[in-house]
Amino acid sequence: MIKAKQKARTLLCVLIFIGGLSLASSLSSQGMRGTIKKESFGKTTGGEQIELYSLTNKKGMEVSITNFGATVVTLKVPDRSGKAADIVLGYDTLDGYENGTSYFGATVGRYGNRIAGGKFSIDGKTYTLPKNNGENTLHGGIVGFNKRVWKAQEIASKEGESLEMTYLSADGEEGFPGNLSAKVVFTLPAERNELRIDYTATTDKDTVLNLTNHSYFNLSGEGNGDILDHVMTLHSKQFTPVDKTLIPTGELKNVGGTPMDFNSATAIGKRINENDEQLVFGKGYDHNWVLTRAGGGLSMAAEAYDPKSGRKLEVLTTEPGVQFYSGNFLDGAKGKGNKPYPQRAAFCLETQHFPDSPNHANFPSTLLKPNAVFHSQTVFRFSAK
Ligand code: GLA
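Residues numbered from 1 in each chain as written. Predicted model: local features only at pLDDT ≥ 70, side-chain atom pairs only at ≥ 80, totals over all residues. Heavy atoms only, no water.

Before going further, it helps to spend a moment on the overall build of the protein. Scanning the protein from terminus to terminus reveals three helices and 27 strands. For 385 residues, the compact-globule estimate of 2.2 N^0.38 gives 21 Å, and the C-alpha radius of gyration of the protein, at 23 Å, lies within 12% of that figure. With the C-alpha coordinates aligned to their principal axes, the bounding extent of the protein is approximately 95 × 50 × 40 Å. Evaluated residue by residue, the protein yields a buried proportion of 54% over its 385 residues. Across the protein, contacts joining residues at least 24 apart in sequence account for 66% of those joining residues at least 6 apart. Accessible surface computed for the protein: about 16600 Å², of which carbon and sulfur atoms make up 54%. (Helix = DSSP H or I, 4+ residues; strand = E, 2+ residues; numbered from the N terminus. Rg over C-alpha atoms; globule rule 2.2 N^0.38 Å. Buried < 20%, exposed > 50% of the residue type's maximum accessible area, 1.4 Å probe, protein only. Contact = heavy atoms within 4.5 Å. Areas by Shrake-Rupley, 256 points an atom, 1.4 Å probe, with all protein chains shown as cover.)

What follows is the structure in structure tokens.
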């Protein structure tokens, strides 16, 4: 009797052991290594395998990122009652990102925003870029960094989970000089609700560089109406006015007394339809603000608050400017869950150097030289009240 019991127990232990082994192997074949969850996001039309990585923390935040365009696909953040919602626009599947023209969540490069006439010079040599925005080049050209396949790997992080993405942009790609090695590290700290993005780049020839992230936020949750009642603060006393093709005129204009003044928190919709030339040119807000900063390092650029959900976003950056874009070109095309994204369904805060800097000697320089290491940092910090 005792022997039979022992036999049964041994058999059970063996079964549990085998079960454990097969579970572990099935997890690893699904890509569960380290702490970041990795799953297939499908194949590109060119047949390349693309992954989706999910980072989580202890405070209820979850971020998923694909190596197609080093793109933030979902960003789940708790509201004032602790209920999480996805607050970034995007698509459910890879083909949305392959075919999309809105740069949802993407890493934008080699040069974020516009370069006038698709031309700039370095040391008297003129470089010509493909024009993909009327007469100008927008967001790195026809196939910008947002449409490239990046290499991804989880890297060690003391604070939480970190995902590194790298991309080598060849000399001459989209007309830009120099082999540029770009690295973007996304970090989700375990104990804080923030997504930190660290950009690093080196080149083997003089080139120009402007890297940013193009997440579209709706703090009520993506697909939940427009953002006109979100309250915005921009820590900036000047902006760079544009012509009707959205190229900066070169002037740094004081925001005081204009609808561009967001030094005190103001609803995005309050002045957006005013008959102001800059708002007419942008079809709303689509401008670069010159950030007021106390010295170098990370400084507070912008704050956005949604009175409905209580969610608040703070944007900190080492960059000199931020493009506040009020989603003016969104046209009702469908995104996640087949939900339409109408005009102004979200806003972007693209931390950056100023648009068209290569053609404006008075703007902070975007020139990157061999042997120099470019580094910038942006933090999207979340809270609720
Ligand atoms: C930036 C530009 C806008 C628009 C969006 C993408 O914010 O300044 O004009 O092109 O990207 O649609």
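This part is about the site of the ligand. Taken together, 13 residues lie around the ligand, and Arg 114, His 139, His 214, Asp 286 and Glu 350 are the ones closest in. Contact distances for the ligand include 2.4 Å between an oxygen atom and a side-chain N or O atom of Asp 286. Across the complex, the protein chains shield 95% of the 310 Å² of accessible surface that the ligand would expose by itself. Here the shell around the ligand is composed, by residue class, of six nonpolar, four polar and three charged. (Near = heavy atom within 4 Å. Polar contact = N/O pair within 3.5 Å; in protein donor to acceptor, adjacent residues only side chain to side chain. Nonpolar A, V, L, I, M, F, W, Y, C, P; charged D, E, K, R; others polar.)

The next thing to look at is the packing of aromatic side chains. Aromatic ring pairs: the centre-centre distance and the angle between the two ring planes describe each pair. In total, this model carries 23 aromatic pairs according to the counting rule given. Judged by centre distance (5.1 Å) and plane angle (85 degrees), the ring pair of Tyr 91 and Tyr 97 falls under edge-to-face. On the basis of relative accessibility, which here comes to 16%, the residue Tyr 91 falls in the buried class. Ring geometry for Trp 289 and Phe 324: centres 5.7 Å apart, planes at 50 degrees, overall tilted. Linking Trp 289 in strand β21 (residues 286-291) with Phe 324 in strand β24 (residues 321-325), this pair joins segments that are 35 residues apart in sequence. (Phe/Tyr/Trp six-rings, centres within 6.5 Å; stacked < 30°, edge-to-face > 60°.)

This next bit is on the sheet that holds strand β20 (residues 266-267). The nine strands lie next to each other as β11-β12-β13-β14-β27-β23-β22-β17-β20, forming an open sheet whose pairing is antiparallel. The sheet terminates laterally at β11 (151-155) and β20, the two strands that pair on one side only. Sheet topology note: the strand β23 (residues 311-317)/strand β27 (residues 374-384) ladder contains seven bridges and is antiparallel. Bridge assignment links Glu 314 to a residue of β27, and that residue is Arg 381. (Pairing = 2+ DSSP bridges.)

So far we have only geometry, and geometry alone does not tell us how the molecule works.
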